[in-house]
Structure formats: C-alpha cells, structure tokens
Amino acid sequence: MLCCDIYAEVRSEIFSSESKSQSSDRAMDLGLAEDHFSRPVDWDNVKGSFVASDVEQLKQAIEECKRLILELPEHSEKQKDTVVKLIHLRLKLQELKDPEEDEPNLQVLLEHRFSKEKSKSVKQTCDKCSTIIWGLIQTWYTCTGCYYRCHSKCMNLINKPCVRSKVSHQSEYELSICPEVGLDKQDYRCAECRTPISLRGVPNEARQCDYTGQYYCSSCHWNDTAIVPARVIHNWEFEPRKVCRSSMRYLALMMSRPVLRLKEINPLLFNFVEELVEIRKLRQDILLMKPYFITCKEAMEARLLLHLQDRQHFVENDDMYSLQDLIDTSSGHLSCSLTEIHTTFAKHIKLDCEKCQAKGFMCELCKEGDILFPFDSHTSICNDCFAVFHRDCYYDNSTTCPRCARNLERKNEESLNP
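Note that the structure is a prediction, hence the values are computed from the model and not measured. (Residues numbered from 1 in each chain as written. Predicted model: local features only at pLDDT ≥ 70, side-chain atom pairs only at ≥ 80, totals over all residues. Heavy atoms only, no water.)

Below, the discussion takes up the sheet that holds strand E2 (residues 112-116). An order of E1-E2-E5-E6 is seen for the 4 strands of this open sheet, with the pairing classed as antiparallel. Each end of this open sheet is capped by a strand with a single partner; those strands are strand E1 (106-109) and strand E6 (149-151). With strand direction ignored, the average angle separating the axes of adjacent strands in the sheet is 30 degrees. (Pairing = 2+ DSSP bridges. Helix = DSSP H or I, 4+ residues; strand = E, 2+ residues; numbered from the N terminus. Axes fitted to C-alpha atoms, helices over the stretch in contact; angles between N-to-C directions.)

So, on to the environment of Leu287. Its location among the elements puts Leu287 in helix H9 (residues 274-294). The exposure class assigned to Leu287 is partly exposed, which follows from its relative accessible area of 24%. In the structure, Leu287 is positioned 27 residues away from Phe314 in sequence and 7.7 Å away in space, judged by C-alpha atoms. When residues no more than four places from it in sequence are discounted, the contact partners of Leu287 are Phe314, Val315, Glu316, Asn317 and Asp318. (Buried < 20%, exposed > 50% of the residue type's maximum accessible area, 1.4 Å probe, protein only. Contact = heavy atoms within 4.5 Å.)

For the rest of this paragraph, the subject is the nonpolar core. The nonpolar side chains of a soluble globular protein tend to be buried, and buried together. Ranked by internal contacts, the top residues of the largest apolar core, which has 80 residues, are Leu262 and Leu326. Of the residues forming this core, the biggest block, 7 residues, is contributed by H9. Counting residues in hydrophobic clusters, the runner-up holds 10 residues, among them Cys65, Val83, Leu86 and Ile87. (Core = buried A, V, L, I, M, F, W, Y, C linked by side-chain atoms within 4.5 Å.)

It is worth spelling out the state of the cysteines at this point. On inspection of all chains with the given rule, the structure shows 0 disulfides. With no disulfide of its own, Cys190 lies 3.7 Å from the sulfur of Cys193, the closest cysteine sulfur. Given the relative accessible area of 0%, Cys190 is considered buried. (Disulfide = S-S within 2.5 Å.)

This paragraph deals with the pairing of E2. Where burial is concerned, the two faces of E2 differ: the one with His112, Phe114 and Lys116 is buried and the one with Arg113 and Ser115 is not. Two strands pair when backbone bridges link them, and E1 and E2 are joined in this way by 4 bridges, in the antiparallel orientation. Bridge pairing in E2 places Gln107 opposite Phe114. What sits between E1 and E2 in their antiparallel hairpin is a turn of 2 residues, with Leu110 showing a positive phi close to 50 degrees. Of the pairings in the sheet, the one linking E2 to strand E5 (residues 140-143) comprises 3 bridges and is antiparallel in character. By the bridge assignment, Lys116 is partnered in E5 with Tyr141.

The alternating pattern of E5 places Trp140 and Thr142 on one face and Tyr141 and Cys143 on the opposite face, and all of these are buried. With 3 bridges connecting them, E5 and E6 associate as antiparallel partners. Note that in E6 the partner of Tyr141 across the bridge is Cys150. Here E5 hands over to E6 after 5 residues, with Tyr147 in that stretch at a positive phi of 65 degrees.

One non-glycine residue with positive phi stands out, namely Glu111, at about 70 degrees. The backbone of Arg194 shows a phi angle near 70 degrees, a positive value even though the residue is not glycine. One can find Arg194 in the loop between helix H4 (163-169) and strand E7 (207-208). Residue Arg194 is classed as partly exposed on the basis of its relative accessible area of 38%.

Quick look at helix H6 (residues 245-254) now. H6 sits mainly inside the fold: 7 of its 10 residues count as buried. Restricting attention to buried positions, one finds in H6 the residues Arg245, Ser247, Arg249, Tyr250, Leu251, Leu253 and Met254. Its buried side turned inward, H6 meets H4, strand E9 (224-226), helix H5 (229-235) and strand E10 (241-243).

Across the chain, the average pLDDT comes to 81, with 83% of residues at or above 70. Considering only residues more than four positions removed or in separate chains, one finds that residues 17-52, a stretch of pLDDT under 50, has 45 contacts. (pLDDT = per-residue confidence, 0-100.)

Attention shifts here to the pattern of salt bridges. On inspection of all chains with the given rule, the structure shows 20 salt bridges. A salt bridge links Glu192 to Lys160; the nearest nitrogen and oxygen atoms lie 3.3 Å apart. Residue Glu192 is found in the loop between H4 and E7, and its partner Lys160 is found in the loop between E6 and H4; the two are separated by 32 residues along the sequence. Taking relative accessible area as the criterion, Lys160 reaches 11% and is therefore assigned buried. (Salt bridge = Lys/Arg side-chain N within 4 Å of Asp/Glu carboxyl O.)

Given below as structure tokens:
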C-alpha cells in the first residue's frame, strides 16, 4: 500500500512539471531498458538494482529516469516499471545521504526512551512535524514509554517530556469537568508549545482539550478523542471527547491504574448505578475468599488468583477503581467476567477442596443447616470475631455473639488465674 502511495506521488510530481523534454539516448546506458525487476515484485526485499559510485551519479540517473517516464505512453507497463525503478533509485540515494548505521538504536531525550523502528511498511504520522513518516525511505523512532513517534530529523526539535514520567510521579486525574480558564489566561498562546492561537484561526486555530480545559494549536491538538474521567465519575458519561495529544497519551497510560476511590469522590454514584453495587459485592466476596487461597496448597499450585492478574487491585481492596474498570462496568463486560471468576473461586472452596471446606462455619445461633462461608449471600459476619451466622439468625437474636462471649469468658478466667 505504501509503495502504491509513493508510486502515485512520483507520477504526480513528474507530470506536474512545467514541460516535457526529449528522452535521452543515454538513458539506456543507465540500465533503464534492462528488466531488473521481474513481476511480481517482492516488496519486502526490494533494495534496488542500480549501483552508483556516488550521490551525483545517482542524481543524474534519477533525472534521466524522470525524462524517460515523461516520454513513455501514460499508464503503460513500461512506464510503471520505470516509475518503480525511479523509486528504487531514490531509496538508494536516501541510503547514501542518511545511512542507517549512523543512527543509534536507542536514544534518551527529555525522559523519552526512543527506539529505532524496523517496520518499513506501516505509514505513521510524526508527532513533532505532523507530516507522514515514510518508513521505506525515512528513519523514525518511537518512545517505548508514551509511544511518541517522530522522524529522526525531528528528534532535536522535541520539547515535550515523556508523559510516562508524569504518570509515574503524579498518578491522578483532573476531576473537574473541562476546567476552562480562557484564552486570555493563556496569553492567547498554545498551552504546550506557546504558539500564538485564536478562536478565529488567525494566526493558528485554538482547539480546546476537554480533559485539561486549556487551548492548544493544531500541532499539539489533532482532534483525537478519549473518554474523560471527570465526566464518567460525575455524570456516568462515556462519550469520547476531543483532547490534545499529550492528554490522549496520559489517559491511555492511566487507563488501567486503580487511582479512583469512588466512595470519596462521588459516593452517590452507587445509588444511581446498579452495576457498581453488583461489582462492589463481587469484589467484597473475592476479598473474603482470598484467605482460603493463600493458605491452600492446591489453590496456590493452581494459581487461582491469577484469574485476576489484569486487575490485581481486586484482591487488595474493594474501593479503588481504574477508568477501565468503570468502562467495562458500563458495557457489562466486567460483571460477566467477575461473576465467572467468583463462581470458579466458590466452587474450589465449597466443592473441590476438602481443606477449604473444613474452614467453613456452623451457625452457632440455630445450630442447623449446611456449612456456612463468609461470602455466602445469606450469611452475616460478626464484626469483632468474624464468626459466620445465618443472616436471619444474626439479626433476630438479641444476645451477643456466642464466640465473642466465649472469648470474653476465657479472658476473664485468665485474668483471675494468671
């Protein structure tokens, strides 16, 4: 696809020249009449067949090739072959001007860790100059931290630090919805590169980022869209909004980080979003199952807790959420996957493992029924000793917890008989 784009670009360049010139008899001396590239062309291993001793000879060959293309019938096979040969000549010229061995594989700049890309067939856009990166003829780099892409020639012009460093040092979201301050507070300049901007588009168009509320130029704001955390938490709204490039990268890197404590930021959200209540209950149950697994050899060997390896915070607490958790909750994906994991965990404890079954409870209030577990839906847990009872028995009984009473009695006896 990339070669087709270059082919079209080369033809357009040649046929838009001011006038056509006669084909030179010396063109054949350059090997243009020879069938160097039999069809089909292997684009993955194209290196060109012209050997020139220096840059000047290559430039001369390129000019001769252009003249021959103008002379040949338009859209003919010979003309297409000649255009392909012209592309290869230009590739060879680029290699001589900018040899790859001079470019290091890894460069560190403003906390970016740039790695030289090997792909030649993928067309990308440079984040610095906003132009296309032609992988076939241009060297380019990608930051392994924030995925900032740029030409090799643009490296020294970069003034934006790596967003991953901000994620590492400041793992928190802007929780006000589009906190606009106005262009006058920005001195009518881009919030990032300080280029003059205005809403009238003179000299540059001002584009607002819905995440930061600030205005940016078209080089720093490409009208990318992303889900804004503040709108999710306050409005339960998941419509993507236009954000600047740095905000887009920051939000992407923060997507799976559990930094949102909903019960402090917006506790009323649980009153209006039933799915969140369900997720919270499942997470609380999983935390009650965790002690069974970390003391069970079979569960450790089966690595049951790795079912939640993508959401490690689910086995650490029940109140921290990532933005991805909320997105998956809204779509229903999280509820389905977490219910499946909950069922797998409960099956191990209550059916598959005798050692885990032995750690169940009998209701000491009614002394009837099956073995109880703290994550059962019809049970209640004593807040002091963590004994488990039938919910109806626990709330109907006006006496104290039997286990707590025994523990108190034991302590009194120990104090009397030291």
